[in-house]
Amino acid sequence: MGNAVSSLIFTVRSGEKSVQGDLGRSVTFLAQGVNTAEAYAKTGAWGSKASEQLVSSINNIAASESALGKSARFIKWAQSHVNPIIGVCAVSKVVLADDKEKAFCTEIPGFLGMLAAESKFKKLQQTSKMKNIFKSIEKVGGKKGKFLSALVEGISFAAVSIGGYQLASKVGEYAIEGERALKAKRGVEAMA
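Because the structure is predicted, anything quoted here is derived from the model rather than measured.

Chemist: Before we go on, may I ask you to explain the pattern of salt bridges in this structure?
Modeler: Pairing of side chains with opposite charge becomes possible as their charged atoms draw close. For the structure on display, the rule yields 9 salt bridges. Of the charged contacts, one joins Glu38 and Lys76 as a salt bridge, the two residues approaching to 3.0 Å between their closest N and O atoms. Remark: Lys76 occurs in helix α4 (residues 67–79) and Glu38 occurs in helix α2 (residues 25–41); sequence separation between them is 38 residues. A salt bridge links Glu107 to Lys93; the shortest N-O distance between them is 3.8 Å. Residue Glu107 is found in helix α6 (residues 100–125), and its partner Lys93 is found in helix α5 (residues 82–96); the two are separated by 14 residues along the sequence.

Okay, structure coming up:
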C-alpha cells in the first residue's frame with residue numbers, strides 16, 4: 001500500500017506539472033497512474049479488483065499490434081523508467097528556458113536532489129530501526145494497522161522525494177542569484 005500511496009502522490013504531481021505546461025510529465029502521469037493501479041490491485045482492499053482489471057486490460061491492449069497497443073507498450077516501458085523521463089524533462093526545461101543559466105542551476109540540482117533523497121530513504125527503509133517503526137504502527141493501528149503503516153511509509157517517501165527536489169532546486173536558485181548579485185555589485189564598484 002505504501003507504494004500505492006506514493007505512486008498516487010507522484011501521479012497527481014506529474015498531472016499537475018503536465019497541466020502547467022511540462023508536456024513530458026504527461027508520460028510520467030500515465031506511467032505513474034498505471035503503477036498506482038498495479039500497486040493498489042495487490043492490496044486486496046475495496047476497489048482493488050477494478051484496479052486489477054484495469055491493469056489486465058492495459059496488458060491485453062499492449063499485446064496487440066495496433067497503434068493503441070504500441071501506445072500501451074510505451075506506457076508499460078515508461079512505468080519502469082519514470083526517473084529517467086523526469087531527468088529528460090529537467091534537461092528540456094533548461095534547453096527551452098529563456099534564462100538557461102538559472103534553469104540549469106535549479107532544474108539539474110533539483111532532479112539530482114530528488115534522486116539522492118529517494119536513494120537515502122530507500123536505504124533507511126531497509127534498516128531494522130525503520131522496519132520496527134512500521135511494525136509498531138501496524139500493531140498500534142489494530143485492524144487498520146497495515147493500512148496506516150503503508151500510508152505513513154508512502155507519504156514519507158513522497159515527501160522525502162519532493163523535499164529533496166525542492167531543497168536542491170532552492171540551493172541552486174540561491175547560488176545563481178547570489179553570484180549574479182556579486183557580479184552586479186562588482187560592476188557598480190568598478191564604475192565608481
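Chemist: Looking at this structure, I do not really get the nonpolar core. What am I missing?
Modeler: Within soluble globular proteins, side chains that are nonpolar generally end up buried alongside one another. The biggest cluster of nonpolar side chains holds 10 residues, and these are Ala31, Ala78, Val82, Ile85, Ile86, Cys89, Ala90, Phe111, Met114 and Tyr165. Mapped by element, the contributors of at least two residues to this core are α5 and α6. The element contributing the most residues to this core is α5, with 5 residues. Those residues in contact with Ile85, other than ones at most four positions away along the chain, are Gly24, Val27, Thr28, Trp77 and Ala78.

Chemist: Even after reading the chapter, I still don't get helix α3 (residues 48–62), so can you show me in this structure?
Modeler: Since the α-helix turns once every 3.6 residues, residues separated by three or four places project in the same direction. Spanning 15 residues, α3 covers 21 Å between terminal C-alpha atoms, matching the ideal 21 Å at 1.5 Å per step. Burial in α3 covers these residues: Ser48, Ser51, Val55, Ile58 and Ala62. Seen along its axis, α3 keeps its buried residues to an arc of 80 degrees; they face one direction. Residues of α3 that are exposed and angled more than 90 degrees away from the buried face: Lys49, Gln53 and Asn60. The inward-facing, buried residues of α3 abut α2 and α4.

Chemist: Could you clarify how one ought to interpret α4 in this entry?
Modeler: Helix length check: α4 (13 residues) gives 19 Å between terminal C-alpha atoms against 18 Å at 1.5 Å per residue, within 8%. Within the span of α4, buried status applies to Gly69, Ala72, Ile75, Ala78 and Gln79. Packing partners of the buried residues in α4 comprise α2, α3 and α5.

Chemist: Would you mind showing me how to read the environment of Tyr40 here?
Modeler: Looking at where Tyr40 falls in the secondary structure, it is placed in helix α2. A residue is classified by how much of its surface remains accessible, and Tyr40, at 21% relative accessible area, is partly exposed. Each C-alpha atom, one on Tyr40 and one on Glu52, is 8.1 Å from the other, the two residues being 12 residues apart in sequence.

Chemist: Would you explain the packing of α2 against α3 in this entry?
Modeler: Helix-helix packing is characterised by the crossing angle of the two axes and by the distance between the axes. Orientation of α2 relative to α3, taken along the N-to-C sense of each, is 130 degrees, at an axis distance of 8 Å. Between α2 and α3, the crossing angle belongs to the class labelled oblique. Note that α2 runs across α3; the crossing there is left-handed. Facing α2, whose interface residues are Val34, Ala37, Glu38, Tyr40 and Ala41, α3 presents Ser48, Ser51, Glu52, Leu54, Val55 and Ile58. In terms of residue class, the contact of α2 with α3 is built from 7 nonpolar, 2 polar and 2 charged.

Here is what the cut-offs are and how they apply
Residues numbered from 1 in each chain as written. Predicted model: local features only at pLDDT ≥ 70, side-chain atom pairs only at ≥ 80, totals over all residues. Heavy atoms only, no water. Salt bridge = Lys/Arg side-chain N within 4 Å of Asp/Glu carboxyl O. Helix = DSSP H or I, 4+ residues; strand = E, 2+ residues; numbered from the N terminus. Core = buried A, V, L, I, M, F, W, Y, C linked by side-chain atoms within 4.5 Å. Buried < 20%, exposed > 50% of the residue type's maximum accessible area, 1.4 Å probe, protein only. Contact = heavy atoms within 4.5 Å. Expected span 1.5 Å × (residues − 1). Arc of directions from axis to C-beta. Axes fitted to C-alpha atoms, helices over the stretch in contact; angles between N-to-C directions. Parallel < 35°, antiparallel > 145°, perpendicular 65-115°, else oblique. Left-handed = near helix turned anticlockwise from the far one by under 90°. Nonpolar A, V, L, I, M, F, W, Y, C, P; charged D, E, K, R; others polar.

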